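Next come the chains, spelled out residue by residue.
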Amino acid sequence: MALPKRIIKETERLMAEPAPGIQAIPHDDNLRYFDVIISGPAQSPFEGGDFKLELFLPEEYPMAPPKVRFLTKIYHPNIDKLGRICLDILKDKWSPALQIRTVLLSIQALLSAPNPDDPLANDVAQHWKENEQDAIKTARQWTAQYAHA
Amino acid sequence: MGNSPAKHSPEHHGSSGSGASSSAPKLPQTVDLGNLVPSPDSVYKNTPQDWDHDVVGKLITEHRMAPFYVGLADFDENDYEAAAAVASSVRAKSGLTTTDSPSAGSPAASLSPSDAASEPRRIGAERTPSFSSQHPPPTLRAKRSQSMPSHLHRNQSGTQITPENLYRYALECPICFLYYPANINYSRCCDQPICTECFVQIKRSDATLEPASCPFCVETNFGIVYHAPGSAEYQMKLIQAHPEAFSSVSENNLASPVAAQLSASLPNESGLPSPSSDDGSGSLAVPPQPAPFKRRQSVSHQSALVVTSDDLRPNWLRKQQQLAAIRAANQRRNTLPINAHAAAVRRTRQLYLESDSRDLAGAASAAAALVEGMSQSHPGGGRHMFGGLPRAGRGSRAPRQVDVGSNYLEAMRNMGADLEELMMMEAIRRSLQAEANSEAADSAATASSSPPPATTPVATAARAEEPASTVQPPSAPSSSESVHVPPTS
Amino acid sequence: MAKVPRNFRLLEELEKGEKGIGDGTISYGLADGDDLMMSNWNGTIIGPGHTVHENRIYSLKITCGNDYPDRAPTVSFLSKVNLPAVNQKTGKVERLACLDSWKRSYTIETVLAELRREMANPSNKKLSQPAEGTFF
């Protein structure tokens, strides 16, 4: 059950120099499983919210991407009701040169740049496209309701 | 061995009458003190090693890719004692002993003169002395003189290849974060280091079968170039990475014109960042390059110098054809499980409609939710009752069918079945099934499992100037927080 | 090997269930698509052929607690069924080998598949059954 050196080093570096607005702490009993908090980026509808996520490094990591999910409800066209995130680098655009840190920064960036124009079957995305101001308002309300500690 | 792509041959075959290329394909045990296979406690020991071991062994023997070395968890380039200790453990692990004298049967035989003849890229190496052996740090030199007076590996140019001088300038592989000798592979496109264990893991995606992309710059047709210890390119890289260590060499007795020219242009100030001193925190595996040197230009994936991911899996084309056949079979029908489930749901619905019992409501709504859970991209995307069967999602249908295909392929392979025959039978069976089930098609045409994919928002975000301070293009060398930017699809 | 945590394990099971299991004779999905904890699931078993269960469709409720998959889920039939494994008052599955000696590698699918095998078990396949479409 030895943990690959890469995971140990990534964890040490994450703890030593956390990325701004991002916190990731491994579980004591499973060092591949992280509790994550991402602060909503300024000037986004998620500003002021602290969003909880969970991240897991599968056996194949880094040849396979980490699994990441929001645990805080969030109104965003690329995040579904179970907190699953649709982000290319978590799927077919994964590269083993990416890291936990870069993944979390990309998710933080996704909060700043919702992308409702990709193929969607999603009421939030529809809302975003039809009435962006109203969708942003809802996103702010959800942030206030669910993402405040 | 005969599988080796044609481009492997011109350089090597025929010019070397002995060693690896001789008619009896007896490969040496080690090459440049590294191995032809990963060590049993490799980082990837739990991952399928589905690359062609013969091809890889041959490429390593021909010095076209780095051998498998023991990766070091920690390495401090200023800690010579530690480096020497590591070196001696490497020596032990590779079966070398200090009392072992070089003989025809020893690993040193892998570096036979015929290798030199077959290795045109080493021109210039002959007159170049080994920097590290001429100017070892004091501790290391002392250690060496005690522990290995008689055992010296020599390459064709007389350069000593010892664990000490291989690991002296170890650098961190940006994928596995282990330290490897400086004669590591470099990506053909963006000249980033990658160890052999990581390189052999990179392959075409099972889902798309597109050629593998470079993990660092996402250039397609990923491949590496390798420069063996002692070669001019290897030494150039060392000088680039450690200008301070080699400045005296250039003043005193640097014989190689190439290296002399390079080191003449070296800046005097030391302390330039080196790949191994960059602790990599947050950087996307883009070690800073010393400024005075131009990064090597990209080398075409068709170059004879390059080993591509495809080269390590010569049978990918066959696999691609098999998957394409399965995909075609899949597309002629909706997947059977969904049809069967749709039939089950119709029956449940019928039961519900036929009954007035309030007791049924719970079960019915449970079943309804189940249908949604089963077939909707987006669980809970609308908890309608029976009327609301979900629409087909556009997004993830194709990849899912490939998944089904590859699982199927895997299962068949496990059964040791004749694949082609089974695929044909299955295609026919599915085609018949599709007709039989066509009536259920409308209710079954559903399912997609994910919210809409977003391309990486990094570029947009940077434009929006919000987290822009933390987000930079991938090759910005000075960034401590660079984020990978894949091409938008 | 890496130990997959509960939530990611359940997401894997969800995705597998969405794709469809085998020949479709068992299926399952989330009861509440909004439930971030993914605790409550619905299952369906289509009665095996050549048994008294043939052509019947059984609905079940599966609850995965916080310590799933280290601990077994609780499983109850919603549809009435006469099986030794099932409490005839509540529908709860009380005696099933895979639940009694639960392993972390077992899944909701494991449970449903074993229940379906129970239905086809020679000693059970002729048991008289409650009227079709009745519920506990």
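Residues numbered from 1 in each chain as written. Chains lettered and ligands numbered in written order. Predicted model: local features only at pLDDT ≥ 70, side-chain atom pairs only at ≥ 80, totals over all residues. Heavy atoms only, no water.

Draft legend 1. The overall build of chain B, seen in detail. Check the secondary structure of chain B and you find 18 helices and eight strands. Burial analysis of chain B (489 residues in total) assigns 53% to the buried set. For chain B, the proportion of contacts with a sequence separation of at least 24, taken over those separated by at least 6, is 73%. If you sum the accessible surface of chain B, you get close to 21,100 Å²; carbon and sulfur atoms cover 53% of it. (Helix = DSSP H or I, 4+ residues; strand = E, 2+ residues; numbered from the N terminus. Buried < 20%, exposed > 50% of the residue type's maximum accessible area, 1.4 Å probe, protein only. Contact = heavy atoms within 4.5 Å. Areas by Shrake-Rupley, 256 points an atom, 1.4 Å probe, with all protein chains shown as cover.)

Draft legend 2. Inspection of the overall build of chain A at higher detail. Looking only at helices and strands, chain A features four helices and four strands. Going residue by residue from the N terminus, the α and β elements of chain A occur as α-β-β-β-β-α-α-α. Relative to its full complement of 149 residues, chain A shows a buried share of 62%. Taking contacts inside chain A between residues at least 6 apart in sequence as the whole, the part at least 24 apart equals 51%. In the form shown here, chain A has an accessible surface area of approximately 5,800 Å², with 49% of it arising from carbon and sulfur atoms.

Draft legend 3. Region of the structure containing the side chain of aspartate 191 of chain B. Of note, aspartate 191 of chain B is situated in the loop between strand E5 (185-187) and strand E6 (193-194). A distance of 3.0 Å separates polar atoms of two side chains, one belonging to aspartate 191 of chain B and the other to lysine 237 of chain B. (Polar contact = N/O pair within 3.5 Å; in protein donor to acceptor, adjacent residues only side chain to side chain.)

Draft legend 4. Inspection of the UniProt feature "active site" (unreviewed entry) in chain A at higher detail. The residues that UniProt annotates with the feature "active site" (unreviewed entry) are Cys86 of chain A. Mapped onto the elements of the fold, cysteine 86 of chain A is located in the loop between strand E4 (67-70) and helix H2 (100-112). (UniProt positions renumbered as here; feature names shortened; annotations may be inferred.)

Draft legend 5. Inspection of the nonpolar core at higher detail. Residue and element names in this part refer to chain B. Grouped together as the largest cluster of nonpolar side chains are 53 residues, with contacts concentrated most on Met65, Ile194 and Leu312. Looking at this core, the elements with two or more residues in it are helix H2 (53-61), helix H7 (163-167), strand E4 (179-180), helix H8 (196-201), strand E7 (223-225) and helix H9 (232-241). Tallying contributions element by element places H2 first for this core, with four residues. Excluding residues within four positions of it along the chain, leucine 312 makes contact with Trp51, Asp52, Val55, Val56, Leu59, Met65, Phe199, Val200 and Val307. (Core = buried A, V, L, I, M, F, W, Y, C linked by side-chain atoms within 4.5 Å.)

Draft legend 6. Fine view of the pairing of strand E1 (residues 22-27) of chain A. All names here are of chain A. Here six bridges tie E1 to strand E2 (residues 30-39), and the two strands are oriented antiparallel to one another. From the neighbouring strand, alanine 24 faces E2, where its bridge partner is valine 36. Following E1, the chain reverses through two residues before pairing antiparallel with E2. (Pairing = 2+ DSSP bridges.)

Draft legend 7. Seen up close, unusual backbone geometry. Here the bond from tyrosine 61 of chain A into proline 62 of chain A is cis, since omega is 5 degrees, no more than 30 degrees from zero. Mapped onto the fold, proline 62 of chain A is located in the loop between strand E3 (50-56) and E4. For the peptide bond that leads from tyrosine 68 of chain C to proline 69 of chain C, omega is 0 degrees, which places it in the cis range. As for its position among the elements, proline 69 of chain C is in the loop between strand E3 (57-63) and strand E4 (74-77). At glutamine 43 of chain A, a position not held by glycine, the phi torsion is positive, near 65 degrees. When you line up the elements, glutamine 43 of chain A lands in the loop between E2 and E3. Judged by its relative accessible area of 63%, glutamine 43 of chain A falls in the exposed class. One non-glycine residue, leucine 209 of chain B, lies in positive phi territory at about 60 degrees. Position of leucine 209 of chain B among the secondary structure elements: in the loop between H8 and E7.

Draft legend 8. A look at the packing of helix H3 (residues 123-130) of chain A against helix H4 (residues 132-146) of chain A. Residues and elements named next belong to chain A. Across the interface, H3 lies against H4 with an axial gap of 5 Å and an inter-helix angle of 130 degrees. Between H3 and H4, the angle is such that the two are oblique. Contacts between H3 and H4 involve His127, Trp128 and Glu130 from the first element and Glu132, Asp134, Ala135, Ile136, Thr138 and Ala139 from the second. Residue classes in the contact of H3 with H4 are distributed as four nonpolar, two polar and three charged. (Axes fitted to C-alpha atoms, helices over the stretch in contact; angles between N-to-C directions. Parallel < 35°, antiparallel > 145°, perpendicular 65-115°, else oblique. Nonpolar A, V, L, I, M, F, W, Y, C, P; charged D, E, K, R; others polar.)

Draft legend 9. Just the sheet that holds strand E2 (residues 40-46) of chain C, in detail. All names here are of chain C. On the basis of which strands lie adjacent, the open sheet formed by four strands has the order E1-E2-E3-E4 and antiparallel pairing. Every other strand in the sheet has two partners, leaving strand E1 (26-30) and E4 as the edge strands with one partner each. Adjacent strand axes in the sheet meet at a mean angle of 25 degrees when their direction is disregarded. Where E1 and E2 come together, five bridges link them in antiparallel fashion. Paired with leucine 30 across the strands is tryptophan 41, a residue of E2.

Draft legend 10. Spotlight on the pattern of salt bridges. Under the criterion given, the structure shown has 19 salt bridges over all chains. Close ionic contact of glutamate 62 of chain B with lysine 58 of chain B constitutes a salt bridge, the shortest N to O distance being 3.0 Å. Per residue, the accessibility class of glutamate 62 of chain B equals that of lysine 58 of chain B, and both read buried. A salt bridge links arginine 9 of chain C to glutamate 13 of chain C; its shortest N-O distance comes to 3.0 Å. Placement of the pair is arginine 9 of chain C and glutamate 13 of chain C together in helix H1 (residues 6-19), with a separation of four residues, close to one helical turn. A single burial state applies to arginine 9 of chain C and to glutamate 13 of chain C, both of which are buried. Among the charged side chains, a network of salt bridges with common partners joins Lys9 and Arg13 of chain A together with Glu172 of chain B. (Salt bridge = Lys/Arg side-chain N within 4 Å of Asp/Glu carboxyl O.)

Draft legend 11. Structural context of the packing of aromatic side chains. Summed over all chains, the structure comprises 15 aromatic pairs over all chains. Ring plane angle 25 degrees and centroid distance 6.1 Å describe the contact between phenylalanine 56 of chain A and phenylalanine 8 of chain C, whose orientation is recorded as stacked. Of the two residues, phenylalanine 56 of chain A sits in strand E3 while phenylalanine 8 of chain C sits in helix H1, which places them in two different chains. Ring centres of tyrosine 58 of chain C and phenylalanine 77 of chain C lie 6.0 Å apart, and the angle between their planes is 85 degrees; on these two criteria the pair is classed as edge-to-face. On the criterion of sequence distance, the pair formed by tyrosine 58 of chain C in strand E3 and phenylalanine 77 of chain C in strand E4 is long-range, its members being 19 residues apart. Since its relative accessible area comes to 1%, phenylalanine 77 of chain C is described here as buried. By way of ring pairs, the aromatic residues Tyr75, Trp128, Trp142 and Tyr146 of chain A are connected into one cluster. (Phe/Tyr/Trp six-rings, centres within 6.5 Å; stacked < 30°, edge-to-face > 60°.)

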